[in-house]
Amino acid sequence: MSIPAIEGGTPVREKKIYYGHQYLDQADYDAVVDVLKSDYLTCGPKIGQLEEKLCKLTGAKYAVVCSNGTAALHMAAMAAGLTKGDELITTPITFAASANCALYVGAKPVFADIDDETYNIDPESVKEHINEKTKAVVAVDYTGQAVDLDRLLSICRENNLVLIEDGAHSIGTLYNNKPVGSIADMTTFSFHPVKTITGGEGGAVLTNNEEYYKKLLLARSHGITRESSLLENEPDGPWYYEQVDMGYNYRLTDIQCGLLISQLDKLEMFKKRRKQIVDMYNRAFNELDTVIVQKEIPQSDTARHLYILRLNTEKLRIDRRQFFDALAAENVICNVHYIPVYYFPHYQRLGYKKGLCPKAEKLYNDIISIPLYYGMTDEDVQSVIDAVKKISDYYRV
Ligand SMILES: *Cc1c(COP(=O)(O)O)cnc(C)c1O
């Protein structure tokens, strides 16, 4: 099945390049050490400082940072009041966590199909899946490009649904000049090292809604509060607190917050470089009829997290797997984002059948995530382009 480097040739790259890599500098190392030398490793002042910074960046009223993007989605589902018997509509072209957050609260994930050109969830397909049980939509800014927020918001308002934007890919993206994070009812971020900025692990939920904010705080820390307005009984001492709801330990450490505060200072620089790389790729690949360039909607000023090479398989003698292997033979080590969530055995056992979302399934068959990260040099980018062109020319129909 696997194919070796194209005959007679040496690989376009001598050294392997991978699809993603974090970028840290001395300021990041110093920020972490500063926290390590301080009084608070967790539950300290860095939490609030990071939250304030996220509010400033996005224009959201409230930010609640938490242990990871998955916890952020779980907390958002809880704050939205999702429970047993409810349904949540999402896309299959995402990381499993976007759908799992429904399962965590006993609700049912329902999969809407994607738009064939942007690869984001298709609002019209969302509309078709709404029924009396539907309570929320988790819309994923796939690759960092904002979903069609205007259309999704109007569908959600009409049907009394909560719009949760999974912005794991899209911190720094603007939609109609407004930052992602201030538009949907709640927006979640992830700070895993493959994402645009990192805390090692980390996540956040942003919202303008005070009620959601209060619920998010409880969800993050055991459902426990000391706030007098939330207590149900009289305190019997200064130590008093109550667990007033169900909650978890989804807190983020001050160490991670320190790193994230420092990483956030570089977000604009990261975005700019990522956009340059995307432009280089787009210019090169628009010339090829063997690959299809992802459509960018004019509303989205995208801080791109992933670059998706979509193969035009009709113009190629090889399939995605063979193209992927051929890239590896050129020392370009790629990945695929994503396997449709309902293909997984866990979802198959829950009764989801293949064939649910034909456009998403076709996309999955055709795509490869090629290297995109801040630290790539122009030579790196050119070598990836050269590898794609070399394979494309050789295996063109
Ligand atoms: C990474 C990711 C998540 C989960 O974030 P973690 O921080 O890894 O828990 C959720 N949704 C999408 C789209 C992601 O890419």
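Heads up: these notes are all about the structure in this document. (Residues numbered from 1 in each chain as written. Predicted model: local features only at pLDDT ≥ 70, side-chain atom pairs only at ≥ 80, totals over all residues. Heavy atoms only, no water.)

### Points about the site of the ligand
Taken together, 16 residues lie near the ligand, and Gly69, Thr70, Asp166, Ser190 and Lys195 sit nearest. In the model, an oxygen atom of the ligand is placed 2.7 Å from a nitrogen or oxygen of the glycine 69 main chain. In the environment of the ligand, an oxygen atom lies 2.5 Å from a nitrogen or oxygen atom belonging to the side chain of threonine 70. Where the shell around the ligand is concerned, the elements lending two or more residues are α3 (69–79) and α4 (97–104). Among the elements that make up the shell around the ligand, the one with the highest residue count is α3 (three residues). Split into classes, the residues belonging to the shell around the ligand amount to six nonpolar, eight polar and two charged. (Near = heavy atom within 4 Å. Polar contact = N/O pair within 3.5 Å; in protein donor to acceptor, adjacent residues only side chain to side chain. Helix = DSSP H or I, 4+ residues; strand = E, 2+ residues; numbered from the N terminus. Nonpolar A, V, L, I, M, F, W, Y, C, P; charged D, E, K, R; others polar.)

### Things to note about the layout of surface pockets
A volume near 490 Å³ is recorded for the largest pocket. Together, 28 residues line the largest pocket, and Phe95, Ala96, Lys195, His337 and Tyr338 are the ones closest to its centre. Counting residues per element, the ones that place at least two in the lining of the largest pocket are α3 and α4. Among the residues forming the lining of the largest pocket, the class breakdown is 14 nonpolar, ten polar and four charged. (1 Å grid on protein atoms, 1.4 Å probe; cavity = no way out; pocket = protein on both sides within 12 Å on 5 of 7 lines; lining within 4 Å. Points joined across faces, edges and corners; volume = space filled by probe spheres on them.)

### Notes on the nonpolar core
Among the nonpolar cores identified, the biggest contains 43 residues, and Leu50, Leu54 and Leu163 are the most heavily contacted of them. For this core, the secondary-structure elements that each account for two or more residues are α2 (45–58), β2 (62–66), β5 (134–140), α6 (149–158), β10 (203–207), α8 (254–264) and α9 (267–285). Per element, the largest residue contribution to this core is five residues, and it comes from α6. Counting contributing residues, this core receives three or more from each of domain 1 (17–22 + 267–395) and domain 2 (26–264). In terms of nonpolar packing, the next biggest core, distinct from the first, is built from 31 residues, Val278, Leu372, Val388 and Ile391 among them. (Core = buried A, V, L, I, M, F, W, Y, C linked by side-chain atoms within 4.5 Å. Buried < 20%, exposed > 50% of the residue type's maximum accessible area, 1.4 Å probe, protein only. Domains from an automatic or database assignment.)

### Some points on the pattern of salt bridges
Counted according to the given criterion, the structure contains 20 salt bridges. Taking the shortest distance from any N to any O, the salt bridge between glutamate 210 and lysine 214 comes out at 3.7 Å. Residue glutamate 210 and its partner lysine 214 are both found in helix α7 (residues 210–220); the two are separated by four residues, about one turn of the helix. Judged by its relative accessible area of 44%, glutamate 210 is partly exposed. (Salt bridge = Lys/Arg side-chain N within 4 Å of Asp/Glu carboxyl O.)

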